[in-house]
Structure formats: structure tokens, C-alpha cells
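An overview of the molecular structure
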Amino acid sequence: MRESLLDVLVCPDCQGELTLLPTRRSGDHIEEGSLKCRQCRRRFRIEHSVPNFVSEEDRGDVIQTTSGFARNWNEFNEIILDNDGLNDELFRDWIAPLDPEAMRGKLVLEPGCGMGRWLKVAARYDPRMLIGLDYSAVAYTAARNVRDLPNVHVVRADILRLPLKQKVEVAFCLGVIHHTPQPERSFKALLEVLSSTGILTVWVYGQENNGWIHRLITPIRVHITSKLPHRVLMSLSMLLTAPLCLAVAASAVLPLPYRRYLRHLRRYPFRYMSHIVYDHLVPEIAHYLSRGELERWVADASLHAHLSERNGNSWRLLVSRVAGTLPSALPRTG
Ligand SMILES: C[S@@+](CC[C@H](N)C(=O)[O-])C[C@H]1O[C@@H](n2cnc3c(N)ncnc32)[C@H](O)[C@@H]1O
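Conventions we followed
Residues numbered from 1 in each chain as written. Predicted model: local features only at pLDDT ≥ 70, side-chain atom pairs only at ≥ 80, totals over all residues. Helix = DSSP H or I, 4+ residues; strand = E, 2+ residues; numbered from the N terminus. Rg over C-alpha atoms; globule rule 2.2 N^0.38 Å. Buried ≥ 20, exposed ≤ 12 C-beta atoms within 10 Å, placed from the backbone. Pairing = 2+ DSSP bridges. Axes fitted to C-alpha atoms, helices over the stretch in contact; angles between N-to-C directions. Contact = placed C-beta atoms within 7 Å. Core = buried A, V, L, I, M, F, W, Y, C linked by C-beta atoms within 7 Å. Domains from an automatic or database assignment. Expected span 1.5 Å × (residues − 1). Near = placed C-beta within 6 Å. Nonpolar A, V, L, I, M, F, W, Y, C, P; charged D, E, K, R; others polar.

Here we come to the overall build of the protein. Looking only at helices and strands, one finds eleven helices and eleven strands in the protein. Whereas a compact globule of 334 residues would reach a radius of gyration of roughly 20 Å, the protein reaches 20 Å, a difference of no more than 12%. By its C-alpha atoms, the protein is 60 × 50 × 35 Å across when sized along the principal axes. Taking all 334 residues of the protein together, the buried fraction comes to 40%.

In this section: the sheet that holds strand β8 (residues 168-174). Taken in spatial order, the seven strands of this open sheet run β7-β6-β5-β8-β9-β11-β10, and their pairing is mixed. Sheet topology places β7 (152-156) and β10 (304-310) at the edges, where each strand pairs with a single neighbour. Averaged over all pairs of adjacent strands, the angle between their axes in this sheet comes to 15 degrees, without regard to strand direction. Pairing between strand β9 (residues 194-205) and strand β11 (residues 314-320): seven bridges, direction antiparallel. Along β11, the bridge assignment pairs L200 with V319. Here helix α5 (residues 138-145) sits on the sheet and contacts β6 (129-134) and β7; the angle it forms with β7, its principal contact strand, is near 170 degrees. Against the sheet, helix α6 (residues 183-192) engages β5 (107-111), β8 and β9, with an angle of about 155 degrees to β9.

With that settled, consider the nonpolar core. Grouped together as the largest cluster of nonpolar side chains are 81 residues, with contacts concentrated most on L119, A142 and A171. With seven residues, β9 is the single largest residue contributor to this core.

The next point concerns the domain arrangement of the protein. Here the protein is described as being made up of domain 1 (1-52) and domain 2 (59-334). Taking the mean C-alpha position of each, domain 1 and domain 2 sit 27 Å from one another. Each partner contributes residues to the interface: domain 1 has 14 residues there, and domain 2 has 16 residues.

The terminal C-alpha atoms of helix α10 (residues 270-281) lie 17 Å apart, and with twelve residues this matches the ideal 16 Å at 1.5 Å per residue to within 8%. Every buried residue belonging to α10 is among M273, S274, H275, Y278 and L281, and all of these are buried. Those residues of α10 that are buried lie in contact with α1 (60-75), α2 (77-82), α7 (211-223), α8 (230-250) and α9 (259-265).

In the region of the ligand, 22 residues are neighbours, and T66, F69, G112, G114 and Y135 sit closest. Among the secondary structure elements, those contributing two or more residues to the shell around the ligand are α1, α4 (117-122) and β6. Split into classes, the residues belonging to the shell around the ligand amount to eleven nonpolar, seven polar and four charged.

Note on placement: V248 falls in helix α8. What makes V248 buried here is the crowd of 20 C-beta atoms within 10 Å. Residues V248 and R259, spaced eleven residues apart in sequence, show a C-alpha to C-alpha distance of 8.2 Å. Ignoring sequence-local partners within four residues, the contact set of V248 consists of L262, L265 and R266.

In C-alpha cells:
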């Protein structure tokens, strides 16, 4: 971490100010050390250049889900980094209708940043400060991947215990809250760190058109594939990617189910696609959220929102407390 990150960090438990106790530096990076809360005296270690605020006493399924993703991100780190142009295209699609230019000069947060593929893309839009945050040890990989970007910082922390004292102006959270035990609670936790005119965008799995996945695949994922050793799950993912590629090719001419999603997958190289297959098989926790449920979150928190479906099987939800800050403002709900 760089010392400038201290301007936005705070103790996640008592909101006390933090004192830096560095032990090893390299250039402007603090590689190892700790942060001590001046109020509750708790210490948080800085390891691999990342401050770690994750509590040790968490639920087994949370640890399984996040460490499963960490294995996946680490395995596929190189192929993801090698596809910079594709990542840029995907990022714009995932956050639409938000224009990445909205991040210029802002304090931006990416909760659940994985290995940091979107951090690398978003940094180009010149946010004042961009903070990636992840629960798992993949935060160390993300920190390595963005080490040379002076406006980007990585923190290891839980969405439910955010160590932030400044309110963020833009937050994008892509493919994360449906992997937390209570997605609505995670959504509300993100709203708490949003400034009064801030914009939050989340992308989640949809319940619509995914009923069979929920009925047939979820039990297999929860009881079997999420428990497989990494190498076995890797081989299985590669094996399943082959017929998926055939379906992707056939979708160009045949009216297959999930045609839009299959056509979307055309742009991925084989190995990047194997990463997606692994990603679907590894987590114990995955919720499929309906339009009605997302609309209720918006109404309950009195937000302005823009809800759009993506590839017919997932939702992008863009919210703000102020209508004028949304690209296509809808009337206030609730
Ligand atoms: C499917 S991955 C998506 C990563 C990234 N957003 C992307 O699209 O490249 C989900 C990520 O969310 C993280 N995650 C899950 N629960 C979390 C929590 N409670 N707090 C912070 N990160 C969490 C996981 O560790 C994992 O890296």
C-alpha cells in the first residue's frame, strides 16, 4: 500500500483513526507492517503490500466461496491480463449505461475486485483514487497487477465491514453480491459508503431464464463441484468448455436457448472461457435474483435506479440517491 491510502482508511470496527507501523518499504510501497486503531487498539496486518481487515472467524461457506474464486483468478491471471482490449469492451458492457468517464477525478471503489482486471481498465479513466477491495487472498494478486498504477490501491476486506472513512463517489460491484450469504445486506452495506450524490452499479445473476440452473445445477455445485480439488475442477472446466465452444459456434446459425449469451461468449479465447466455466462451478454461495427483488431493494432504500437486463440472464442495477446523477434517470421509486 501507499501511505496516501491512509487518507481514506479507518478502523472497520469502531471507525477510529489508524496509525501506520511500517516494517518494510520498497520505494513508495509499504510491503509489510501494520495499522493500529487509535481507539480500540486493534491491529491489522499489512501483508504483500495490502492492508488486511478480514476477520478470522467467518462462515465456512463464505471462506469456501471466496477462496474458490481466488484459486480461479490466480490460475487464469495471465490469460485475463493478456486480453486487455476484451476487458475494456467487457467493462463498458458490464457497467452500462454508466459511462466510465463518470469516474474522472472521483473517489471510486470496486468491492470484490478479484485479480483486478476492472481496476486496470477503470484506472485509465483517471479517477482521483480507485480502491479495489476483496475478501480473499486474491487481493494480493490484484495488488501485484496494479502495482505500477499510482492512483490505484488494493485492500483486503469484507463488504460487510468496510474500512472507509471517506464516502465514495462511484462504486462498481460486478458479479459479487450474489455470492454473499445475504445479497440485500451487502447491497445496503455498499450504500452506506456512497456519498449523497454517489452512483453505485451492481451486476447480478438473474432468476429469470435461469430457473433450470437453480433447480438442477445449484445442488450439483453446492454438493459436488465446489468441493472438488483445484486440479480436478480445472480439468472438468476444460472438458466442459469444449462442448460450450461448439454451442457458441452453432449459436451463429441456430436458434439455441441462451443464444444471446452464447453469441456474447464468441469473443472469449478458449482458456478465458474455461475460467468462466470454473467460475460457475466453484462457489458454494450463488443467488439468482429476480427483477421484483431488485426493485424492492430500490424502493426500500428510496433510490433512483436504472435496471437493465444483460444477455437475457442477468441484471445491471445502477442506483443513486439523486435522480440527476444517473445517465437515464427514472422517477424515484418508493
Ligand atoms: C465472481 S468474482 C468477481 C470478481 C470481479 N468483480 C470481476 O468481475 O473480475 C467475486 C469476487 O467477490 C469476492 N467477494 C465475495 N464476497 C465478498 C465479500 N463479502 N467482501 C469482499 N469481496 C467478496 C470474491 O472473493 C471474488 O473475488
